[in-house]
Amino acid sequence: MSAAKVLRRPVPGSAFSWYPTMMGIKQRQVDALNAQLTAQDPLLQKLQKKQPVRVSVTGGAGNIGYSLLFRIANGELLGPDQPVEISAVELPHAYQALQGVAMELEDCAFPLLEKLNITDNAEECFDGCEIALLVGSKPRGPGMERADLMRDNGVIFKETGQVLNRMAEKYCRVTVVGNPCNTNALIACNHAPDLQARNFTAMTRLDHDRAIGFMARKTMLPPNEINHLAIWGNHSATMFPDLSDTLCHGVPWSELIGEFRAERYWRHEFLPKIQSRGARIIQVRGKSSAASAANACLSHTRDWCLGSPQPDWLSMGVVSDGEWGVPAGLVFSYPVYCENGGYKIVTDEDHPNNDWHTRTEFKRYHIERNVQELLAERDMVADLL
Ligand code: NAD
Ligand code: LMR
C-alpha cells in the first residue's frame, strides 16, 4: 500500500478513540451517538412507515442473482409487509438474460414489488439506492482460491464504490458478496467517502450458517439451538470458525461431543470442513454455491436492517476500528449483535463462558493469521484503493 493511503475508519467508534473503555465510559458515548444516528436514519423511518425501500442488485442474471431477486420480491429481505423497489444491473452481454429474469418476476405478480427496473448502466441502477447487494463479479472455478479473483473483481468494486458515492443515498447499506468479499468491500468503501464506512459490510454469513448447520447435524439438535458461534477474519480458507463460546441447547458444545474428543474434533474436523466448504461445493456441484449464498445474503442484510435475536450473535465482515487488535480500516469478520439498523461488535465482556487459556491463545493465533492475510490482500490492491 502506498504510504500515504489511510484506510477509512468507521464512525462513531473512532470518534471516541481517546475515551477510556473502563466502566463502559467509551461504550456509553458510542451508544448515545448510535441512538442519535438511529433517530435520524431515513431507512429506519421508511421501514417503520412501510414506505417502499429501493434495493439495488448487481449481477442480476447470474447464479446468485437468479435466486436472490425472487426472494427479495417475495418479502424475504425486509419482511412480509414491506414494499420494495428493485433495480438490477448486468453487463451488456448478459442484459438479455436479465430481461428474461424480469419477465419471470413479472409473472410472479409479487404484491410487495412496487417497481422493477433493469439496466446495463450502473448509475441508473444505484440512483437513490438504499440497500445495495453487490453480487456481480467473477466466481472462482475448481482449483482456484478466492484471492485469485482479486485483480479482476477489485476493478469492479472500485467502479461500484465510485458510482455508489455519486448516486446512492448517503445512508445506503452495502452488502458485498462478490469475492474476495472482505477486500472488495474495503475497495468499495474507500471509493465512497460520502457514505458511512460502517455501512459497508462483507458477507461471512454463509460460513456462519454452514458452521451452525454442521454443529446441528453433529449434535442432532435443531439449528436454532446452536448459539454463540462466530466466524472471524477473512472469507477465505484462513477464516476462523470459533467454538470458544458455543452453546448447544444451552450447554457448552464440548460437553455434548465429550471433553476428551472436543479439541480434536474442533481443530481437525470442524475447522477444516468449514474453511474448505466453498471449494468442496465447487468440486461437487461444478459451480460455486448460489442458492445458499443468496440465502445468506438475505439473512445478513435482513438482520442488519431489522435486528437479530439476542443474546445470540452473528458473524459479519465489517470495517474494523481496531477491535480485537485488528488494524483499523481492514474489513474483518467479527461476531456482532444487530440492533437499530446497525451492528455492535461483541467484546470480551459479552462472552458467556470463561475462556480457557489455551482456547484464547488458539483464537488469538487465528485472528493474527487472518490479519496478516488481509494486510497482504490490501497490499495487492494498493493501486485500487
Ligand atoms: P455468476 O458468474 O453466475 O454471476 C455473476 C454475474 O455478475 C454475471 O451474470 C455477470 O455478468 C455479472 N457481472 C459481472 N460483473 C458485473 C458488473 N460490473 N456489473 C454488473 N454485473 C456484473 O456468479 P455467481 O455464482 O452469482 O457469484 C457471484 C460472486 O459471488 C462471485 O464473486 C462468487 O465468488 C461470490 N460468492 C460469494 C459468496 C460469499 O459467501 N461471500 C458465496 C458465493 C459466491
Ligand atoms: C463460497 O464460500 O461458497 C463462495 O465464497 C464461493 C467460493 O468461491 O467458495
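The shown structure was predicted, so the numbers you read here are calculated from the model rather than taken from an experiment.

**Q** How would you summarise the domain arrangement of the protein chain if you had to cite specific residues and measurements?
**A** Domains assigned within the protein chain are domain 1 (41-202) and domain 2 (205-380). On a C-alpha basis, the centres of domain 1 and domain 2 stand 24 Å from each other. On the side of domain 2, 31 residues touch domain 1, which itself brings 38 residues to the contact. Of all elements in the fold, only α2 (42-49), α3 (63-73), β4 (131-134), β5 (173-176), α7 (181-190) and β6 (200-202) reach the threshold of two or more residues within the side of domain 1 that touches domain 2. Ranked by the residues each element gives to the side of domain 1 that touches domain 2, the list is headed by α7, at six residues. Its residues placed into classes, the side of domain 1 that touches domain 2 shows 22 nonpolar, eight polar and eight charged.

**Q** Can you explain the sheet that holds strand β14 (residues 342-345)? Please cite residues and give values.
**A** With respect to topology, nine strands assemble into an open sheet ordered β3-β2-β1-β4-β5-β6-β12-β13-β14, the strand pairing being mixed. Strands at the two margins of the open sheet, each flanked by one partner only, are β3 (113-119) and β14. Ignoring which end each strand starts from, the neighbouring axes of this sheet average 30° apart. The sheet contact formed by strand β1 (residues 53-58) and strand β2 (residues 84-89) spans six bridges and is parallel. Within the sheet, the bridge partner assigned to Val57 lies in β2 and is Ala88. Here α3 sits on the sheet in contact with β1, β2, β3 and β4, set at roughly 165° to β2.

**Q** Hey, could you go over the site of ligand 2 for me, with residue numbers and the actual values?
**A** Contacts to ligand 2 come from Pro139, Arg140, Arg146, Asn179, Leu206, Gly278, Ala279, Ile281, Ser288 and Ser289. The dominant element in the shell around ligand 2, judged by the number of residues it contributes, is helix α11 (residues 277-285), at three residues. For the shell around ligand 2, the residue count by class is four nonpolar, four polar and two charged. Counting residues domain by domain, the shell around ligand 2 receives three or more from each of domain 1 (41-202) and domain 2 (205-380).

**Q** Can you explain the site of ligand 1? Please cite residues and give values.
**A** In the neighbourhood of ligand 1, 29 residues make up the surrounding shell, with Gly59, Gly62, Asn63, Gly136 and Ala293 lying closest. Among the elements that make up the shell around ligand 1, the one with the highest residue count is α3 (three residues). A breakdown of the residues in the shell around ligand 1 according to their chemical character gives 14 nonpolar, 12 polar and three charged. In this structure, the shell around ligand 1 is formed jointly by two domains, domain 1 (41-202) and domain 2 (205-380), each of which donates at least three residues.

**Q** Could you give me a rundown of the nonpolar core, with the residues and numbers involved?
**A** Of all hydrophobic cores here, the largest spans 95 residues; its most connected members are Ala132, Leu133, Leu164, Val177, Ala188 and Val336. Looking at this core element by element, the count peaks at seven residues for helix α12 (residues 291-306). A domain split of this core shows at least three residues from each of domain 1 (41-202) and domain 2 (205-380). In this structure, Val177 is in contact with Ile64, Leu133, Leu134, Val135, Met203, Ala293 and Cys297, ignoring residues within four places of it in sequence.

What counts, and where the lines are drawn
- Residues numbered from 1 in each chain as written.
- Chains lettered and ligands numbered in written order.
- Predicted model: local features only at pLDDT ≥ 70, side-chain atom pairs only at ≥ 80, totals over all residues.
- Domains from an automatic or database assignment.
- Contact = placed C-beta atoms within 7 Å.
- Helix = DSSP H or I, 4+ residues; strand = E, 2+ residues; numbered from the N terminus.
- Nonpolar A, V, L, I, M, F, W, Y, C, P; charged D, E, K, R; others polar.
- Pairing = 2+ DSSP bridges.
- Axes fitted to C-alpha atoms, helices over the stretch in contact; angles between N-to-C directions.
- Near = placed C-beta within 6 Å.
- Core = buried A, V, L, I, M, F, W, Y, C linked by C-beta atoms within 7 Å.
- Buried ≥ 20, exposed ≤ 12 C-beta atoms within 10 Å, placed from the backbone.

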